[in-house]
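Observations on the three-dimensional arrangement
Residues per chain are reported as follows:
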Amino acid sequence: MSAANPLRNQNLQIQNYMETCVADMLKPVLDGLNACQCDNCVMDILAISLNSLPPKYVVTKKGELYTKISNLQNQFDVDIIAAIAKASVIVSRNPRHDR
Ligand SMILES: [Zn+2]
């Protein structure tokens, strides 16, 4: 099989597990902070959070749904909550809309 571009592999894909962790925790953390949860703010907070966290790439079968890696999850929780909280402050100071 050709390995010219591994991202075009038909059966396997690489995904950033950190994206799943942050996305799962976004709503409860933002609820607690009483932060704006419009699409723009949520996506901005997600992007800023992910930029400040180390990526965790994993290989999965194409179309396969993640099952949570629970021991990894706990290990990351504190860092993720801190990153979301920080990102939320940045976005709320300069939202893409009027307050
Ligand atoms: Zn907003």
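Reading the values: rules and limits
Residues numbered from 1 in each chain as written. Predicted model: local features only at pLDDT ≥ 70, side-chain atom pairs only at ≥ 80, totals over all residues. Core = buried A, V, L, I, M, F, W, Y, C linked by C-beta atoms within 7 Å. Buried ≥ 20, exposed ≤ 12 C-beta atoms within 10 Å, placed from the backbone. Helix = DSSP H or I, 4+ residues; strand = E, 2+ residues; numbered from the N terminus. Contact = placed C-beta atoms within 7 Å. pLDDT = per-residue confidence, 0-100. Expected span 1.5 Å × (residues − 1). Bend = angle between axes of the 7 residues up to and from the residue.

Notes on the nonpolar core
One finds Val22, Leu26, Leu53, Ile80 and Ile84 to be the most contacted residues of the largest nonpolar core, which totals 15 residues. With six residues, the single largest contributor to this core is helix 1 (residues 17-33). Not counting residues within four places of it along the chain, the set of residues in contact with Leu26 comprises Val42, Ile45, Leu46 and Ile84.

Examining the environment of Gln10
Topologically, Gln10 is positioned in the segment before strand 1 (12-16). Residues Gln10 and Lys62 lie 52 residues apart in sequence; the distance between their C-alpha atoms is 7.3 Å.

Topic: the confidence of the model for the protein chain
Residue-level pLDDT values for the protein chain average 88, and 86% of them are 70 or greater. When mean pLDDT is taken per element in the protein chain, helix 2 (residues 39-52) scores highest with 97 and helix 3 (residues 70-93) scores lowest with 85.

A closer look at helix 1
For helix 1, spanning 17 residues, the distance from its first C-alpha to its last is 24 Å, which sits close to the expected 24 Å at 1.5 Å a residue. The axis of helix 1 is deflected most strongly, by about 40°, at Leu26, and proline Pro28 appears within four residues downstream. Those residues of helix 1 not exposed but buried are Met18, Cys21, Val22, Leu26, Val29 and Leu30. At the exit of helix 1 stands Asn34, carrying a positive phi of roughly 60°.

Structural notes on unusual backbone geometry
Peptide bonds are, in most cases, trans, and in most cases residues other than glycine have a negative phi. In this structure, Asn34 takes a positive phi of about 60° despite not being glycine. Its location among the elements puts Asn34 in the loop between helix 1 and helix 2.

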